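Single-letter residue listing:
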Amino acid sequence: MPRTPNTHGGGALTNANGLHFEQTTDLDDALIRKGYSISKIGEVYGNGIHIGFSKRKKDFRRFLQANGVNLSVNSDALEPDDAFINVRNQTVYIIEKKFQSVSGSVDEKLQTCLYKKTWLSL
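This structure is a prediction, so every number in the text was calculated from the model and none was measured.

**Topic: the overall build of the protein**
Helices and strands together make up the secondary structure of the protein, namely 4 helices and 5 strands. When the elements of the protein are put in sequence order from the N terminus, they spell out α-α-β-β-β-α-β-β-α. Carbon and sulfur atoms form 53% of the exposed surface of the protein, whose accessible area is close to 9200 Å².

Listed below in structure tokens is the structure:
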């Protein structure tokens, strides 16, 4: 059966649009807009109380290694777009930024994310 050409975008523009979205959105900015403060090393404070850490890409992996997490159990690079480590409830929130203006593969990725989780213990 012949392949139907993509008429909804994607291809070369997918990376350009997605990259622009990733570069123009920031977890730290969102937290600051909500009233949190963030130190130069990514410590997040709410009402003067340390509640966690904001990390991105390679900084997240370095944070895990520095805190004794055994990364050899997972072959993935573990470089999320952003991550929030809440030390008060001991939860890591992984943020993967996706931009999409029509239905497609990002919809699938979001729907199946629960099956793709990696469990880490801090």
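**Things to note about the packing of aromatic side chains**
Working definition: an aromatic ring pair is given by the centre-to-centre distance plus the angle between the planes. Applying the stated rule across the entire model yields 2 aromatic pairs. Pairing Phe53 with Phe63 gives two aromatic rings, centres 4.9 Å apart and planes at 50°, and the pair type is tilted. Of this pair, Phe53 sits in strand β3 (residues 49–55) while Phe63 sits in helix α3 (residues 57–66), and the two are 10 residues apart along the sequence. Pair check on accessibility: Phe53 and Phe63 agree, each one buried. Geometrically, the ring pair formed by Phe84 and Tyr93 is stacked, given 6.2 Å between the ring centres and 25° between the ring planes.

Analysis parameters
- Residues numbered from 1 in each chain as written.
- Predicted model: local features only at pLDDT ≥ 70, side-chain atom pairs only at ≥ 80, totals over all residues.
- Heavy atoms only, no water.
- Helix = DSSP H or I, 4+ residues; strand = E, 2+ residues; numbered from the N terminus.
- Areas by Shrake-Rupley, 256 points an atom, 1.4 Å probe, with all protein chains shown as cover.
- Phe/Tyr/Trp six-rings, centres within 6.5 Å; stacked < 30°, edge-to-face > 60°.
- Buried < 20%, exposed > 50% of the residue type's maximum accessible area, 1.4 Å probe, protein only.

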